[in-house]
Amino acid sequence: MTQPDQKILDEVTRLRAELDDANHRYYVLDDPSLTDADYDRRLRRLQEIETAHPALVTPDSPTQRIGAPPDAGFPEIEHVVPMLSLDNAFSEEELAAFVTRVAERLEVEGDELTFCCEPKLDGVAVSLVYEAGVLISGATRGDGRTGEGITSNLRTLRSIPLRLRGEAHPELLEVRGEVIMSHAGFEALNARARDQDDKVFANPRNAAAGSLRQLDPRVTATRPLEFSAYQVARLKPDQGDATHSALMAHLGDFGFRTSSELAVVKGPAGVIDFCRQLGEKRDGLGYDIDGVVIKVDDLRLQRELGFVARAPRWAIAFKFPAQEQTTRLNDVEFQVGRTGAITPVARLEPVSVAGVTVSNATLHNADEIHRLGVMIGDTVAIRRAGDVIPQVVRVMGELRPSDAREIVFPERCPVCDAEIERLEGEVAARCSGGLYCPAQRKEALKHFASRRALDIDGLGEKLIEALVERDWVTTPADLFRLQAERLVELPRMGQKSSENLVAALSKARSTTLARFIYALGIREVGEATAANLARHFGTLEALMSAERADLEAVEEVGPIVAAHVHTFFCQPHNRETIDDLIACGLHWEEAAVVERPQPLLGQTWVLTGTLESMTRDQGKARLQALGAKVSGSVSKKTAGLVAGEAAGSKLEKAMQLGVPVLDEAAFLDRLAAWETGESDVEERGVTERDAKENSDPEDER
Ligand code: JCF
């Protein structure tokens, strides 16, 4: 082991600052500064140095977020300041009464009082202790006096600073807040769990609690948890903040996320207004809240008010209606999706859940029915949260009626009677009828006509159903043989709309290869993958004759997608449909990528900032199609930097190093020239010798 020299010490300091900053930007400010690849590269470098020089490891190093050995159990941690619960208000009258109570006790007018309001997050309350600015312990609320020490798990949350930001650190800071899982994180976690036959969580709060209670912090590290601070329990020395809201702003400076909805309002009217408005926003927040927390903003007045029993007199929780309700499961129907996946759908006795009437909920698949142990006639707990499809989360077993019926998963497709198969390693059961199954045909046609596919104006769901039911349309190619004279026979189709549809179909004949591939509805081939395939192969023939290995060479195509694409083109009926479509006049510009020149071969390019005409990924894909390597960091070997809006440090670095910089307009010009083969690389100032140098494998550093 070598002694670290000053250079190494400086590098460690710089890497830690950059990583802390990147975490803060990403997880607290929602304003990412580094790409994932850049972040990982720095983290690996820091790990490398710390492995070589273990004496340099500190508890607040970003490397310490993960990788701590599994804990044996959770120690008890006593809360020096007890973790309070809050009194509840269930109506606007009770809210007004709270304001009156506070005003009377303080002998002031209620209208004069200011309150700090924020959403009441529905997660797990935790308390974090920082000494001299460094996180030393974190615990759950427990019974309010003693909680479980889950420090190693909490360290894995990148929204929890391991070291407070800023130069002047308080001697002691104890911060309280809520650990939550967003709806998106929750859905992704459960989808993954269903795929892998793992435990499925009933709601985001359970998922957060379960994730924090993992004995192995490496598991917690994979869970999408976020911390939001809402209270300071201890702070030494006092930082002079006079109000709760100022204290929250101070926590922001220390590197914590606090509620983005936090607001200071006046009097009972201000409080009630805030609660109403947040109620309106509730569904769109992307995370669960169960109400509003309202606090007297003035900290001196808070002290004057003090506590009753275990709740403060200066705060209250206004509770929203629950997102979970119970109702009766009347029946289960089985729906067939575009790819034949069979989804059991619960038909429910309609019930109002947080302001919305729910009569259907998804049961996901056979495993889920089994896991829930649900039967028809059962009383079930259902949940809806924002955009998430209502779910059946629990069965009230004790309420099961004697005539409850078992849910029988069909063996044959309820629509076309073809056999239902369940492939090994797949959770979903699928109808084997393919495009012979009217349900799949309808879904496939809807997809084919959709805006991002062939964009056939006027060909909506109802019309497709009518066409399929009459057997006028079996394959997408049949669409192009429809004639206005016949279309008028359909319900709600006049002369004009029939002619319009035929015109729209005619227009849709001229498309792009990427849209065409997407329109085919190959499993797992979304818009981006279709575009990658089109760009890579250039022609439909090349794509259709590609082997799996060829397909796996395409950007972002893995073995599963490659297998789906390969299988799709192996099926004679799919090939026939494609031939038929082309015979009907479907066409697109051949991109001819295979023979396309690769003027940027051996060069490394970097994209930064926001482009207006395309996403960074699209820009990256186009550069790659021209042979370029695209990297996340600028070095002296970078051939060029594309700088969009709000380009930052990379632009600066490129200028320092004399790397050519293109703005978006110049980039588009160049792309057009390169892609049409009209550019002469020499003329653009990149010589052969440069190109060779640029292929140096070290250029990533
Ligand atoms: O978001 C919450 N669940 C939440 C809980 C927010 C707060 O401001 C709280 C809290 C529990 C106690 N404040 C206190 C004093």
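A quick note: this is a predicted structure, and the numbers were derived from the prediction, not measured.

So what's going on with empty space enclosed by the protein? Which residues, and what values?
Evaluation of the coordinates by the stated rule reveals 2 cavities of 30 Å³ or more. Roughly 60 Å³ of internal volume is contained in the largest cavity. Around the largest cavity, the lining residues are His 183, Phe 186, Glu 187, Ala 202, Pro 204, Arg 383, Arg 384, Ala 385, Val 388, Ile 389, Gln 391 and Val 393. Going through the elements one at a time, α5 (183-195), β17 (379-385) and β18 (388-395) are the ones with two or more residues in the lining of the largest cavity. A per-class count over the lining of the largest cavity returns 7 nonpolar, 2 polar and 3 charged. Those elements giving two or more residues to the lining of the second largest cavity turn out to be α5, α11 (366-372) and β18. In terms of residue class, the lining of the second largest cavity is made up of 6 nonpolar, 2 polar and 3 charged.

Now, about the packing of aromatic side chains: what can you tell me, with residues and values included?
Overall, the coordinates contain 11 aromatic pairs when judged by the stated rule. Measuring from ring centre to ring centre gives 6.0 Å for Phe 98 and Phe 115, while their planes differ by 55°; the resulting arrangement is tilted. With Phe 98 in helix α3 (residues 92-106) and Phe 115 in strand β3 (residues 114-121), the pair connects residues that are 17 residues apart, well separated along the chain. Under the relative-accessibility criterion, Phe 98 is labelled buried at 2%. Ring plane angle 80° and centroid distance 6.4 Å describe the contact between Phe 448 and Phe 480, whose orientation is recorded as edge-to-face. Placement of Phe 448 in helix α12 (residues 438-449) and of Phe 480 in the loop between α14 (476-479) and α15 (484-487) is noted, with a sequence separation of 32 residues between them.

Before we move on, could you go through the pairing of strand β5 (residues 134-140) and cite the residues and values that matter?
For β5, the buried fraction is high: 6 of the 7 residues fall into the buried class. Bridge analysis of strand β4 (residues 124-131) against β5 gives 6 bridges, and the strand direction is antiparallel. Along β5, the bridge assignment pairs Ser 127 with Ala 139. In this structure, the hairpin formed by β4 and β5 is closed by a connection of 2 residues, where Ala 132 is found at a positive phi of approximately 50°.

How each quantity is defined
- Residues numbered from 1 in each chain as written.
- Predicted model: local features only at pLDDT ≥ 70, side-chain atom pairs only at ≥ 80, totals over all residues.
- Heavy atoms only, no water.
- 1 Å grid on protein atoms, 1.4 Å probe; cavity = no way out; pocket = protein on both sides within 12 Å on 5 of 7 lines; lining within 4 Å.
- Points joined across faces, edges and corners; volume = space filled by probe spheres on them.
- Helix = DSSP H or I, 4+ residues; strand = E, 2+ residues; numbered from the N terminus.
- Nonpolar A, V, L, I, M, F, W, Y, C, P; charged D, E, K, R; others polar.
- Phe/Tyr/Trp six-rings, centres within 6.5 Å; stacked < 30°, edge-to-face > 60°.
- Buried < 20%, exposed > 50% of the residue type's maximum accessible area, 1.4 Å probe, protein only.
- Pairing = 2+ DSSP bridges.

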